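Spelled out from the first residue to the last, the chains are:
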Amino acid sequence: MGVLKEGNYKVDRPYNISNSTRRWLKSLVTGAAVCLLIFALYRKKSGHCMWGRGGHGHGIGSVNWSPASECSPGTECGSVIVPKDYFDPSAGTASVAIAVFKATKSPKKGTVFLNPGGPGGSGTRLATKELANLIGDDWDLLGFDPRGINKTEPQVQCFDSASDFNFFVANTVLQQGFTVTSSSNLSDPAIEAQLVEQSREFLALKKSQAELCAKNMGDELRYMGTATVVRDMDFMAKLFDGEDGKINYWGGSYGSILGAYLVNMLPHRAGFVVIDGIVDPVNWSTEPSHKWPINWLASTEKTYRFYLETCSRAGSDACPLTQYTGEPYEEIEARLEAFFDALAISPLPVPFGFRPGFLTSGAARALLLMYLERPPQWADSALALSQAMAGNGTLLFNKLATPRPPSNPHYDLARLGVTCMDSPPPKTPAEVPTAEDLAAEFMKTMREVSPHFGASVSVGEPDGGCQYWPVQGPERFAGPWNATLEWPMLIVSNTMDPITPIESGIRINSLMPDSTRMIIQDGPGHCSSAIPTLCTMKLIRGYYAGTLPENGTMCGTAYTYFPDPSQKPEPTLATAGLSADDTKLLNSALTVGELLQAIRRA
Ligand SMILES: *[C@@H]1O[C@H](CO)[C@@H](O)[C@H](O)[C@H]1NC(C)=O
Ligand SMILES: *[C@@H]1O[C@H](CO)[C@@H](O)[C@H](O)[C@H]1NC(C)=O
Ligand SMILES: *[C@@H]1O[C@H](CO)[C@@H](O)[C@H](O)[C@H]1NC(C)=O
Ligand SMILES: *[C@@H]1O[C@H](CO)[C@@H](O)[C@H](O)[C@H]1NC(C)=O
Ligand SMILES: *[C@@H]1O[C@H](CO)[C@@H](O)[C@H](O)[C@H]1NC(C)=O
Ligand SMILES: *[C@@H]1O[C@H](CO)[C@@H](O)[C@H](O)[C@H]1NC(C)=O
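Residues numbered from 1 in each chain as written. Chains lettered and ligands numbered in written order. Predicted model: local features only at pLDDT ≥ 70, side-chain atom pairs only at ≥ 80, totals over all residues. Heavy atoms only, no water.

Some points on the overall build of the chain
Stage number 1. Counting its secondary structure elements, the chain contains 19 helices and 15 strands.
Stage number 2. Once local pairs closer than 6 in sequence are excluded, the contacts in the chain between residues at least 24 apart make up 76%.
Stage number 3. Of the roughly 23200 Å² of accessible surface on the chain, 54% is carried by carbon and sulfur atoms. (Helix = DSSP H or I, 4+ residues; strand = E, 2+ residues; numbered from the N terminus. Contact = heavy atoms within 4.5 Å. Areas by Shrake-Rupley, 256 points an atom, 1.4 Å probe, with all protein chains shown as cover.)

Some words on the packing of helix 5 (residues 189-217) against helix 16 (residues 435-448)
Stage number 1. Helix 16 packs onto helix 5 with a crossing angle of 130° between their chain directions and a minimal axis gap of 8 Å. As judged from the angle between their axes, helix 5 and helix 16 are oblique. Handedness of the helix 5/helix 16 crossing: right-handed. Note on element contacts: helix 16 touches helix 5 through Ala435, Glu436, Leu438, Ala439, Ala440, Phe442, Met443 and Met446, opposite Ile191, Glu192, Leu195, Val196, Ser199, Arg200, Phe202 and Leu203. (Axes fitted to C-alpha atoms, helices over the stretch in contact; angles between N-to-C directions. Parallel < 35°, antiparallel > 145°, perpendicular 65-115°, else oblique. Left-handed = near helix turned anticlockwise from the far one by under 90°.)

What to know about the site of ligand 4
Stage number 1. Taken together, the residues surrounding ligand 4 are Gln387, Asn392 and Leu395.
Stage number 2. Here an oxygen atom of ligand 4 sits 3.1 Å away from a polar atom, N or O, in the side chain of Gln387.
Stage number 3. One of the side-chain N or O atoms of Asn392 is found 2.4 Å from an oxygen atom in ligand 4.
Stage number 4. Taking 360 Å² as the accessible area of ligand 4 by itself, protein coverage stands at 32%. (Near = heavy atom within 4 Å. Polar contact = N/O pair within 3.5 Å; in protein donor to acceptor, adjacent residues only side chain to side chain.)

Some thoughts on the packing of aromatic side chains
Stage number 1. Tallied over the entire structure, the rule returns 31 aromatic pairs.
Stage number 2. Their ring planes at 55° and their centres at 5.2 Å tell us that Phe159 and Phe168 sit as a pair that is tilted.
Stage number 3. Assessed through its relative accessible area of 5%, Phe159 is described here as buried.
Stage number 4. Here Phe168 falls in the buried class, since its relative accessible area comes to 17%. (Phe/Tyr/Trp six-rings, centres within 6.5 Å; stacked < 30°, edge-to-face > 60°. Buried < 20%, exposed > 50% of the residue type's maximum accessible area, 1.4 Å probe, protein only.)

A look at helix 17 (residues 502-511)
Stage number 1. Looking at helix 17, one finds that the buried residues are Ile502, Ser504, Gly505, Ile508 and Asn509. Viewed end-on, helix 17 has its buried residues packed into an arc of 160°, placing them on one side of the element.
Stage number 2. The inward-facing, buried residues of helix 17 contact helix 7 (254-265), strand 10 (270-276), helix 8 (281-286), helix 9 (293-296), strand 13 (489-496) and strand 14 (516-524). (Arc of directions from axis to C-beta.)

Focus: the state of the cysteines
Stage number 1. If you walk through the whole model with that rule in mind, you get 5 disulfides.
Stage number 2. The residue that forms a disulfide with Cys71 is Cys77, at a sulfur-sulfur distance of 2.1 Å. As the torsion about the S-S bond is roughly -85°, the Cys71-Cys77 disulfide counts as left-handed. For the pair formed by Cys71 and Cys77, the shared burial category is buried. (Disulfide = S-S within 2.5 Å.)

A look at the side chain of Arg147
Stage number 1. Summarising the element assignment, Arg147 is placed in the loop between strand 8 (139-144) and helix 3 (162-169).
Stage number 2. Side-chain polar atoms of Arg147 contact the backbone oxygen of Lys84, separated by 2.9 Å.
Stage number 3. Engagement of the side chain of Arg147 in a polar contact is seen with the side chain of Asp232, the distance being 2.7 Å.
Stage number 4. Ignoring any residue separated from it by four or fewer positions in sequence, one finds Arg147 in contact with Val82, Pro83, Lys84, Tyr86, Ala94, Val96, Thr152, Tyr223, Met224, Thr228, Val229 and Asp232.

Digging into the environment of Asp232
Stage number 1. Turning to its location among the elements, Asp232 is positioned in helix 6 (residues 226-241).
Stage number 2. Between the C-alpha atom of Asp232 and that of Asp85, which follows or precedes it by 147 residues, the distance is 10.0 Å.
Stage number 3. Setting aside residues no more than four positions away along its own chain, Asp232 makes contact with Val82, Tyr86, Val96 and Arg147.

Describing the nonpolar core
Stage number 1. Ranked by size, the top nonpolar core spans 136 residues in total, and within it Phe144, Tyr307 and Leu359 carry the most contacts.
Stage number 2. Counting 32 residues, the second largest nonpolar core, distinct from the first, contains Ala127, Leu131, Leu141 and Met537. (Core = buried A, V, L, I, M, F, W, Y, C linked by side-chain atoms within 4.5 Å.)

Some details on the side chain of Ser528
Stage number 1. Inspection of the secondary structure assignment puts Ser528 in the loop between strand 14 and helix 18 (534-544).
Stage number 2. Here Ser528 falls in the buried class, since its relative accessible area comes to 1%.
Stage number 3. Here Asp276 takes part through its side chain, which lies 2.5 Å from a polar atom of the side chain of Ser528.
Stage number 4. Residues within four places of Ser528 in sequence aside, it is in contact with Asp276, Val492, Asn494, Gln521, Thr536, Met537 and Ile540.

Looking at the pattern of salt bridges
Stage number 1. Across all of its chains, the model carries 22 salt bridges by this definition.
Stage number 2. One salt bridge connects Lys246 with Glu486, and the closest N-O pair in it is separated by 3.7 Å. Separated by 240 residues along the polypeptide, Lys246 in the loop between helix 6 and strand 9 (247-252) and Glu486 in the loop between helix 16 and strand 13 bring together distant segments of the chain.
Stage number 3. Taking the relative accessible area as the measure of exposure, Glu486 reaches 69% and is therefore exposed.
Stage number 4. Put simply, Asp341 and Arg365 hold a salt bridge, and the shortest N to O gap is 3.8 Å. With a gap of 24 residues between them, Asp341 in helix 11 (residues 329-345) and Arg365 in helix 12 (residues 361-372) connect regions that are remote in the sequence. (Salt bridge = Lys/Arg side-chain N within 4 Å of Asp/Glu carboxyl O.)

Here it is as structure tokens:
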């Protein structure tokens, strides 16, 4: 368990820093100390610093700072040269892009590493003054692009161009999602038969994608797993905070996986660690990726019902999905289901969308699921859905275009680069998932957990097809998950998170009862930043300042989900009567929430 033998590399437990890494680090320490000094004195002049093997900024442990003009305002940015493979020095080096928002208050406590989720999200964008408001002014905040992602080299680039990628996914099941003919009678065998058919297309596309990646990336794909990224953080913490510098961390969504791996792989290295929007790491590391959604959707139906009830209470001016204020939520739900079922028979033509196209039932359900993650967009969702129900699918369809900015066309393959390294490979041919297996898993998920969204995860979370992935990583961590920590990790869960349910937070807490504290935000959305609350944010900031909250502390939410359009413009956050510091904290939280969303999906 937890040990992967791959090629010639044998990884031994416990997951302490490996001998080879230790050797590297030893050779670096002296150089590093001298260099840090030189670096402190001359950084501004020389622009970079180097030590270790190589030189000219290419040696392991080199930090190459970019000119300020290339960094976001207020940050220092550049790259750190790390061993590409911590178990094989002959693999050479990788360059990890970093951006640091420096502590403004002294004494400085250390460095906090940041991860926005995805996986595939660029962390360099998180080094901002808003994050500093949430975590504290006395920390250096280090955002980094994880392996394969954005400015970290080597970068995942499977397709030759963005337009190749866009052509590849356009109008396929990858973009349109899986259509379920009718969710009202799952015993109709036609439903599963259609899911099998769509799964065949899905697997063919995934295989095609994987073969392209194999050709264009080859072995470079081996180093994107979460375990490798944990070792990068360890390496960088020693570099920036010294041999004994602990690894402090803040991460949400997939970032909770990185945090859970960190504290369990290197418990003696963990410092202040906060994870928010929890993914179950046991499930993630032991189940193949097509079996993840059944675990992720535990709170989805509850969130959906809350959405419908809130819409009904808001009335039809604010939420056009309801016919009158106080309409039973079941009636709104029945109209939406009738719409999805009609689309399953005849997709809606959308001639004037971001490109001409059509809206399928699968896409419409997947979009609703993504909206449920983001309460600040619920009013928009009601408008887009009601227009589509009236025959104009433009607004809703355009949401399909937003997941991928042209500047970052390889988003979902970067994600696969990570998930295919983390999820266990099939051990026998019988374990290789077939189209029938995928369809059966969808049916099980709809029957047991989420009848409305059981087949709707793949658009927002494009996993799958790892059986075709060309490589295995040097290391795959799979527990144990019950590490003992000096300073407990803080777990943050929402009661209605439609994609990372509270059950996953409780699972980590129950595996590490004395080494974690769990706080709960009582409200909907993905991660606590979905609806900023002073209560949650103060507990998090207090944690980094040394105050452990009581386990089980509950924070309420107050939010206007469907603002009355006649009263616009309504302030998004009620800050009247708050202190300047609280207002700043709340606004920072709001900005961070928007930033996280933009990075994960933008
Ligand atoms: C990195 O991400 C930023 C922000 O999304 C983007 O503008 C930039 O083009 C990306 N760089 C690379 C090399 O992918
Ligand atoms: C559900 O579908 C099955 C199989 O087609 C059929 O026998 C059954 O009558 C249907 N149930 C309802 C309530 O429509
Ligand atoms: C993964 O989650 C599902 C649903 O919660 C559960 O049935 C399954 O047993 C879990 N597997 C592991 C290894 O935790
Ligand atoms: C459809 O909706 C879009 C977006 O709201 C709008 O710009 C367009 O005019 C509408 N088309 C028609 C035919 O109403
Ligand atoms: C941690 O979990 C492992 C594997 O499940 C188990 O063997 C071990 O006894 C546990 N350790 C503690 C301290 O509970
Ligand atoms: C921590 O609080 C959560 C939420 O109330 C609860 O489920 C869990 O059992 C508590 N854990 C411990 C170790 O008391």
